[in-house]
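Close look at the chain arrangement
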Amino acid sequence: MLRRPHPADAVPARRGRGVLPGVHGRERARDTARVPAPGHGAGGAGTGCDGTMNSSPGYRPLTKVLHWSVVVAFAAQFAVGYALDASESGRGRGRGRGGEPGRGRGRGGDGYEPFGEDALLTVHVLVGALVVVLGVARLLWRRHTELPPWAPTLTAFERRFAHRTEVALYALTFVVPVTGAILLASDDDGLLWVHVTAQVCFLAALACHVGLVLKHQLFDRDRLLRRML
């Protein structure tokens, strides 16, 4: 017997080219896949009587490894960065451009010396480079890998919200370390606000991403987090 189409059956496809070519610019498999409404799945992803996802497909192993590697790298990067600011190791007064007084890292205020005697700064730079490498690896892997269908418990609004948050996090994975590199190259603490602003934007996007997951994990209790574990 034919049943009346459920509003959640169709997942709207995204139109046009996205922010990240090859990743969000083409219609992904999970965007065009028909996701059965909760309780109506037959042999595919669906939800049980307790509202949890019974057989919703998760992400591929390498996708998970790259995802959590970036998480760990960023956690280490922020920890080292805040330790660097707290200790103010190697910070001294120096002369900025044009002979104006400025502040710089390094011995005697000679500026930022990423591979000098300031071990924390050296680690900060190396971890930042690792973040970029991992970000490139994730993009290359994503270009040649289809995503699983959307979790059936996500509403249309939550899918759009998750997509935009994901784009922001991908972009900021590169923006944060690049602004740090600009700060090092310029030897000018007057540009520190650019790096800090990028960090704030990253943390805001991360809060949105984690908040959505926690909402489903703790309140909806649909075990959404298991797709990435």
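Shown above is the structure to which this text applies.
Residues numbered from 1 in each chain as written. Predicted model: local features only at pLDDT ≥ 70, side-chain atom pairs only at ≥ 80, totals over all residues. Heavy atoms only, no water.

Glancing now at the overall build of the protein. The helix and strand inventory of the protein stands at five helices and two strands. The helix and strand sequence of the protein, counted from the amino end, reads α-α-β-β-α-α-α. Residues classed as buried in the protein amount to 41% of the 229 residues present. Partitioning the intrachain contacts of the protein with sequence separation of at least 6 by distance along the chain shows that 64% fall at a separation of at least 24. A total accessible area of about 13,200 Å² is found for the protein, and carbon and sulfur atoms account for 64% of it. (Helix = DSSP H or I, 4+ residues; strand = E, 2+ residues; numbered from the N terminus. Buried < 20%, exposed > 50% of the residue type's maximum accessible area, 1.4 Å probe, protein only. Contact = heavy atoms within 4.5 Å. Areas by Shrake-Rupley, 256 points an atom, 1.4 Å probe, with all protein chains shown as cover.)

Side chains carrying opposite charge are able to pair once their charged atoms draw close together. Counted under the stated rule, the structure contains three salt bridges. Put simply, Arg-142 and Glu-166 hold a salt bridge, and the shortest N to O gap is 3.5 Å. Here Arg-142 is found in helix 3 (residues 119-143), whereas its partner Glu-166 is found in helix 4 (residues 156-186), with 24 residues between them in sequence. The two residues Arg-142 and Glu-166 agree in class, both being buried. Notably, a salt bridge pairs Asp-220 with Lys-215, separated by 2.9 Å at the nearest N-O pair. (Salt bridge = Lys/Arg side-chain N within 4 Å of Asp/Glu carboxyl O.)

Counting 12 residues, the largest nonpolar core is built from Val-70, Ala-73, Phe-74, Phe-78, Val-131, Leu-134, Leu-169, Leu-172, Val-176, Ala-198, Phe-202 and Ala-205. Put simply, the parts of the chain that give this core at least two residues each are helix 2 (61-87), helix 3, helix 4 and helix 5 (192-220). A total of four residues in this core trace back to one element, the largest contributor, which is helix 2. Among residues more than four places away in sequence, those in contact with Val-70 are Leu-134 and Arg-138. Ranked by size, the runner-up nonpolar core spans six residues in total, among them Trp-150, Ala-151, Leu-212 and Leu-224. (Core = buried A, V, L, I, M, F, W, Y, C linked by side-chain atoms within 4.5 Å.)

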